[in-house]
Amino acid sequence: MFTAIHRPSDQLISGLDVMDPQSLFSDTDTYRCLLCNDEVEFNRRADQHELFTHSSGKNDCFGRPQNSDVHQVGCEQAIKM
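Enquirer: Would you explain the packing of aromatic side chains in this entry?
Expert: Each pair of aromatic rings is reported with the distance of its centres and the angle of its planes. Within the structure shown, the criterion is met by two aromatic pairs. Three or more aromatic residues joined by ring pairs make a cluster, and in this case those are Y31, F42 and F52.

Written as structure tokens, this is what we have:
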């Protein structure tokens with residue numbers, strides 16, 4: 001996933017928000033999935049389209065085999081706005 005909910009602030013953010021050096025968000029903060037509300041983890045070294053993954057190993061709630069990564073990120077960004 002490219003977006004997640006920052007649990008402490010209940011704010012919808014993107015992985016780029018966490019990667020911003022001037023951001024108040026941290027790699028070690030807690031995050032949750034926008035769709036299923038399960039805990040997700042941020043991984044700075046992951047592919048830019050998969051910066052957040054379910055802690056349980058569950059598949060990406062936004063991921064659909066018929067959609068490209070670009071389409072998925074676009075959908076997540078549209079929800080964020």
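Next comes the rest of the write-up.
Enquirer: Where do I start with the sheet that holds strand β5 (residues 52-54) in this structure?
Expert: The strands making up a sheet are joined through hydrogen bonds of the backbone, oriented either antiparallel or parallel. If you trace the five strands from one edge of the open sheet to the other, you get β2-β1-β3-β4-β5, paired in antiparallel fashion. Because the sheet does not close on itself, it has two edges, and the strands there are β2 (11-14) and β5. Note that strand β4 (residues 39-42) and β5 share three bridges and pair antiparallel. Across the sheet, residue V40 finds its bridge partner in β5, namely H54.

Enquirer: Looking at this structure, how should I read unusual backbone geometry?
Expert: Comment: phi is negative for the bulk of residues other than glycine, and the bulk of peptide bonds are trans. Here the phi dihedral of D10 falls at roughly 60°; this positive angle occurs in a residue that is not glycine. Tracing the backbone shows D10 in the loop between β1 (3-6) and β2. Among the residues examined, D10 registers a relative accessible area of 52% and is labelled exposed.

Enquirer: Looking at this structure, I do not really get the pattern of salt bridges. What am I missing?
Expert: Any two side chains of opposite charge can pair, so long as their charged atoms come close to each other. Under the criterion given, the structure shown has three salt bridges. With its nearest N and O atoms 2.6 Å apart, the salt bridge here joins R44 to D27. On the criterion of sequence distance, the pair formed by R44 in the loop between β4 and β5 and D27 in the loop between α1 (15-19) and β3 (31-32) is long-range, its members being 17 residues apart. The exposure class assigned to R44 is partly exposed, which follows from its relative accessible area of 36%.

Enquirer: Can you help me understand the pairing of β4 in this one?
Expert: Every other side chain in a regular strand lies on the same face of the sheet, so the side chains alternate between the two faces. Burial along β4 is one-sided: V40 and F42 are buried, while E39 and E41, pointing the other way, are not. Note: β3 against β4, two bridges, orientation antiparallel. Bridge pairing in β4 links R32 to E39. Hairpin geometry of β3 and β4 is characterised by an intervening segment of six residues between the two adjacent antiparallel strands and by a positive phi of about 70° at N37.

Parameters and conventions
Each chain carries its own residue numbering, running from 1 in the written order of its sequence. This being a predicted model, a pLDDT of at least 70 is required before a residue's local features are given, and a value of 80 or more before pairs of side-chain atoms are given or counted; all residues contribute to the totals for chains, interfaces and linings. Each side-chain value is worked out from all heavy atoms of the structure, with water and hydrogens disregarded. Paired rings are identified among Phe, Tyr and Trp, the last through its six-membered ring, by centres lying within 6.5 Å, and are further divided according to the angle between planes into stacked (under 30 degrees), edge-to-face (over 60) and tilted (the rest). Pairing between strands requires that DSSP locate at least two bridges from one strand to the other. Only DSSP runs of H or I with at least four residues qualify as helices, and only runs of E with at least two residues qualify as strands; both kinds are numbered from the N terminus onward. Categorising residues by exposure relies on relative accessible area from a 1.4 Å probe, with only protein chains included: less than 20% of the type maximum marks a residue as buried, more than 50% marks it as exposed, and the intermediate range marks it as partly exposed. The salt bridge definition used is simple: a Lys or Arg side-chain nitrogen within 4 Å of an Asp or Glu carboxyl oxygen.

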